[in-house]
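Architecture and fold: a report
Each chain is listed here by its residues.
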Amino acid sequence: MRIYDVSVPLSSQTPTYPGDPGIEIKQWLSLANGDPANVSVIYFGAHTGTHVDAPVHFIAGAARADSLPLDILIGPATVIEVPEELAAIDKNFIAEHLQRINGERNRILFKTSNSRLLKEGQAFQSAYVYLTTDAAEELLSQGVKLVGIDYLSVEKFNSQGFQTHLTLLGNGVVILEGIDLGEVPPGKYELICLPLRIAGGAGDGAPARAVLRTWEED
């Protein structure tokens, strides 16, 4: 069995979505300064690095991140590789590739050229691969319950209506953003995604540790 950690390491050099808080990690207590222990202070937004979006992110009064069902966040997942030349994942791409998947379709993770963009020290790139609204609708029609992508948003940059988010979140689909699939071959895995159980705030999202593991022994 092989385990892939698809979580993005967090540091002050990790890219963040424009308008979101930057990442600050500071020393609160330090053994080097004579304190009894090392204690760090971490400051960043709920949609930093690898994270989940909850319905309330875009829909007032909807479900919070701490109420997302674990049986959706853990289970079989399929990694689909998107060709380098494709700038957007549309309905036709979804329909064609989901037809090739035998069995489990509940959790779909898209591996795109975006995975190169989440490396430490990279500036935010607005020309990332995203999901179109008709792609989101096709995923719903196929019974998908979790959608993951390897950049900070499934939505086109500077979207005005956020229809991709609204289509997915409004129908109970969990969105997992900011996963690093650069070293993960396409295929079937078990996804284990555990967002922080944050009870305060708006509940719009939560950072997560996400891993994929193979079903069979290597």
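Structure shown above.
Heads up: these notes are all about the structure in this document. None of these values were measured; they are calculated from a predicted model.

Now for unusual backbone geometry. Excluding glycine, a negative phi dihedral is what most residues carry, and trans is how most peptide bonds are arranged. One non-glycine residue, N158, lies in the positive phi region at around 70 degrees. Along the chain, N158 falls in the loop between β9 (146–149) and α4 (163–169). In this structure, F162 takes a positive phi of about 55 degrees despite not being glycine. Inspection of the secondary structure assignment puts F162 in the loop between β9 and α4.

With that settled, the discussion passes to the pattern of salt bridges. Counting across every chain of the model gives seven salt bridges. Note that R209 is salt-bridged to D5, the shortest N-O span being 2.6 Å. With R209 in strand β12 (residues 205–213) and D5 in strand β1 (residues 3–5), this residue pair connects regions lying 204 residues apart in the sequence. Take R209: its relative accessible area is 55%, and that puts it in the exposed class.

One finds L109 and L212 to be the most contacted residues of the largest nonpolar core, which totals 24 residues. Counting only elements with at least two residues in this core, the list comes to α1 (70–73), β5 (74–81), β10 (174–177), β11 (187–195) and β12. The leading source of residues in this core is β12, at four residues. Once residues lying within four places of it in the same chain are set aside, the contact partners of L212 are R2, I3, Y4, V6, V79, L109, L181, V184, Y189, E190 and L191. Counting 22 residues, the second largest nonpolar core, distinct from the first, contains I80, F93, F110 and L169.

Mapped onto the fold, S113 is located in the loop between β7 (107–111) and β8 (130–131). In this view, S113 contacts E84 and V129; residues no more than four positions away in its chain are not counted.

Taken as a whole, helix α2 (residues 91–99) has its buried residues at F93, I94, H97 and L98. Along the axis of α2, the buried positions cluster into a sector of 110 degrees, meaning they face one direction only. In α2, the exposed residues that point more than 90 degrees away from the buried face are N92 and Q99. Packed against the buried residues of α2 are β5, β6 (88–89), β7, β8 and α3 (133–141).

Side chains V174 and L176 project from β10 onto one buried face, and the interleaved I175 and E177 project onto a second face that is buried too. Pairing of β9 with β10 involves four bridges; the strand directions are parallel. If you follow G148 over to β10, its bridge partner there is L176. The parallel pair β9 and β10 is bridged by α4, and the resulting crossover is right-handed.

Once that is clear, we can look at α3. Buried residues of α3: A135, A136, E138 and L139, and no others. Within α3, the buried residues cover an arc of 160 degrees as seen down the axis, which keeps them to one side. Each element contacted by the buried residues of α3 is listed here: β6, α2, β7, β8, β9 and α4. Phi for G143, located one or two positions after α3, is positive at around 85 degrees.

Reading guide: rules and limits
Every chain is numbered independently, its residues counted from 1 as its sequence is written. Per-residue local features are limited, in this predicted model, to residues with pLDDT of at least 70; the limit for side-chain atom pairs, both in listing and counting, is 80 or more; totals at the level of whole chains, interfaces and linings are taken over all residues. Values reported for side chains reflect all heavy atoms of the structure, with hydrogen atoms and water molecules removed beforehand. Secondary structure elements are taken from DSSP: a helix is a run of H or I of four residues or more, a strand is a run of E of two residues or more, and numbering for both begins at the N terminus. We count a salt bridge whenever a side-chain nitrogen from Lys or Arg sits within 4 Å of a carboxyl oxygen from Asp or Glu. Using a 1.4 Å probe on the protein chains alone, a residue whose accessible area is under 20% of its type maximum counts as buried, one over 50% counts as exposed, and one in between counts as partly exposed. Here, nonpolar core means buried Ala, Val, Leu, Ile, Met, Phe, Trp, Tyr and Cys residues that are tied together by side-chain atoms lying within 4.5 Å of each other. In what follows, residue pairs with any heavy atoms lying within 4.5 Å of each other are defined as contacts. Comment: arc refers to directions from the helix axis out to C-beta atoms. Note on pairing: two strands pair once DSSP finds at least 2 bridges between them. With strands facing away from the observer, any crossover in which the path from the first strand over the helix to the second runs clockwise is taken as right-handed.

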